[in-house]
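Single-letter residue listing:
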Amino acid sequence: MTEIPKNHPRYESLMTREQISAGVDKGMTSRQGLLAQGRGEAFDYLIGEKTIESAEYAEAVAVALLMLAKKPVISVNGNAAALAPNDLVTLAKLTGAVLEVNLFHRTEERVKKIIEELKANGADIVLGQNAEPLLPLEHERAKVEREGIYEADVIFVPLEDGDRCKVLADMNKLVIAVDLNPLSRTAQTAHVSIVDNLKRALPKMIEMVPDFKNMTEEDLWEIVESYDNKIVLVDAIETIKENLTKKQNEVLGIEEKDNTPDPETVKKMKRKAEVARRVMMRGSDLIME
Ligand code: PTJ
């Protein structure tokens, strides 16, 4: 691993690269995973390399959904295993979700290595080795375990490539995706699209669990039912546009104009107070009236 000085301005980003590259060396992550990481980095840059409010809102809804699920599954690929093995195991334990390895560039060797990594991070059982081609897909992601993804009602899919997400949705499963690209097929198809870096999203979700543990099923359903994924996607795209305009203005030496929204917009953006209180003790102004 390359030694990255802590005071390097791009420390976090470079360390993440090191993690992915170490994942390749360990035989868990595919070489294609390096390219996926690069694409993610580019979108993270555009989003401002921080968790935007709408993503935090989607994370809260995702936690509520995982708590409500009867058979939740967290699907793990080579990139997710390299970036956040410990947090994946913790989230699974806290929400009662089953971990299943599901790969696009599947080899049995990689499945085994990822299972070993998750177990080394505290997982008891990890599915994936007894997968059968049960999903209507022409590629290796079709291979899932009957007891796992095939029978799941809610599936958490970090860093997915789009078509499985659609197939799962078509099978009436609720899909939560983490994808920094709000334009990707995955983000556009999932029921809850978390436009955030997986490395930031997971700790936030883990931190939220205790707040949701004390809620009634009715309250959790209210949170889930009042969620609109389109708002989250639109907000992510809007954030990218704003960041680009800001940069453009900086380059041109144009001063920022006052962006305070007019009172009519403020009124429209006001949240449903009760739901907002429950979901966003951690802040989100995005449930439109
Ligand atoms: O391990 P395998 O064989 O299952 O393969 C996994 C990869 C990721 C290589 C495979 O699923 C793939 O090719 O994915 P894509 O089509 O490149 O899509 C990955 C998506 O994840 C892209 O939209 C990226 O922007 C996004 N992404 C990359 N890194 C992160 C991310 N999103 C959130 N957090 C990240 N750290």
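Residues numbered from 1 in each chain as written. Predicted model: local features only at pLDDT ≥ 70, side-chain atom pairs only at ≥ 80, totals over all residues. Heavy atoms only, no water.

1. Concerning the overall build of the protein
What the protein contains, in helices and strands, is 13 helices and eight strands. Residues counted as buried form 50% of the 289 residues belonging to the protein. Pairs at least 24 apart in sequence give 64% of the contacts found in the protein among residues at least 6 apart. When the accessible surface of the protein is totalled, it reaches about 14600 Å², and 52% of it is carbon and sulfur. (Helix = DSSP H or I, 4+ residues; strand = E, 2+ residues; numbered from the N terminus. Buried < 20%, exposed > 50% of the residue type's maximum accessible area, 1.4 Å probe, protein only. Contact = heavy atoms within 4.5 Å. Areas by Shrake-Rupley, 256 points an atom, 1.4 Å probe, with all protein chains shown as cover.)

2. Describing unusual backbone geometry
Although it is not a glycine, E49 sits at a positive phi angle of roughly 50°. Structurally, E49 can be placed in the loop between α2 (31-47) and α3 (53-68). A positive phi angle is found at L159, which is not glycine, with a value near 50°. Within the element layout of this structure, L159 appears in the loop between β6 (154-158) and α7 (163-170).

3. Describing the packing of aromatic side chains
The geometry of an aromatic ring pair is captured by the separation of the ring centres together with the interplanar angle, meaning the angle of the planes. Throughout the structure, instances matching the rule amount to one aromatic pair. Between Y57 and Y227, the aromatic rings sit 5.3 Å apart at their centres with planes inclined by 65°, giving edge-to-face as the arrangement. Of this pair, Y57 sits in helix α3 while Y227 sits in the loop between α10 (217-225) and α11 (229-252), placing them 170 residues apart in sequence. (Phe/Tyr/Trp six-rings, centres within 6.5 Å; stacked < 30°, edge-to-face > 60°.)

4. Quick look at the packing of α3 against α11
It is at 8 Å that the axes of α3 and α11 come closest, and there the two elements cross at 155°. Classed by the angle they form, the pair α3 and α11 counts as roughly antiparallel. Seen along the crossing, α3 lies across α11 with a hand that is left-handed. On α11, the residues touching S54, Y57 and A58 of α3 are V232, D235 and A236. Here the contact of α3 with α11 is built from residues that sort into four nonpolar, one polar and one charged. (Axes fitted to C-alpha atoms, helices over the stretch in contact; angles between N-to-C directions. Parallel < 35°, antiparallel > 145°, perpendicular 65-115°, else oblique. Left-handed = near helix turned anticlockwise from the far one by under 90°. Nonpolar A, V, L, I, M, F, W, Y, C, P; charged D, E, K, R; others polar.)

5. Observations concerning the side chain of D44
Within the secondary structure, D44 is located in helix α2. Ignoring any residue separated from it by four or fewer positions in sequence, one finds D44 in contact with E49, K50, L180, N197 and R200.

6. Re the site of the ligand
Every one of the 24 residues lining the ligand counts as a neighbour, but G78, F104, R110, D161 and D179 are closest to it. A distance of 2.7 Å is found between an oxygen atom of the ligand and a side-chain nitrogen or oxygen belonging to R110. Between E160 and the ligand, the recorded distance is 3.4 Å, taken from a backbone N or O atom to an oxygen atom. Across the complex, the protein chains shield 94% of the 730 Å² of accessible surface that the ligand would expose by itself. Those elements giving two or more residues to the shell around the ligand turn out to be α2 and α4 (78-83). The leading source of residues in the shell around the ligand is α2, at five residues. Partitioning the shell around the ligand into residue classes produces seven nonpolar, 10 polar and seven charged. (Near = heavy atom within 4 Å. Polar contact = N/O pair within 3.5 Å; in protein donor to acceptor, adjacent residues only side chain to side chain.)

7. Describing the nonpolar core
The biggest cluster of nonpolar side chains holds 54 residues, and the ones touching the most others in it are F156 and I194. Here the element with the most residues in this core is α3; it accounts for 10 residues. Other than its neighbours up to four places away in sequence, F156 contacts L66, V73, I74, S75, L91, I176, V178, I194, L202 and M205. Core analysis: the next-biggest nonpolar cluster, separate from the first, contains 15 residues, V73, V157, A177 and A190 among them. (Core = buried A, V, L, I, M, F, W, Y, C linked by side-chain atoms within 4.5 Å.)

8. Some details on the sheet that holds strand β2 (residues 98-101)
Working definition: the strands of a sheet are paired by backbone hydrogen bonds and lie parallel or antiparallel to each other. Read across the open sheet, the six strands follow the order β3-β2-β1-β6-β7-β8; overall the sheet is parallel. Both edges of this open sheet fall to β3 (126-127) and β8 (192-194), since each of them pairs with a single strand only. Where strand β1 (residues 72-76) lies against β6, three bridges are found, and the strand directions are parallel. Counterpart to V73 in the pairing with β6 is I155. Where α3 meets the sheet, it contacts β1, β6, β7 (174-178) and β8, and its direction lies at approximately 130° from that of β8. (Pairing = 2+ DSSP bridges.)

9. Remarks on helix α5 (residues 85-95)
Among the residues of α5, P85, L88, V89, L91, A92 and T95 are the ones counted as buried. Buried residues along α5 cover an arc of 165° about the axis, so they all sit on one side. One or two residues past the end of α5 sits G96, with phi positive at roughly 75°. (Arc of directions from axis to C-beta.)

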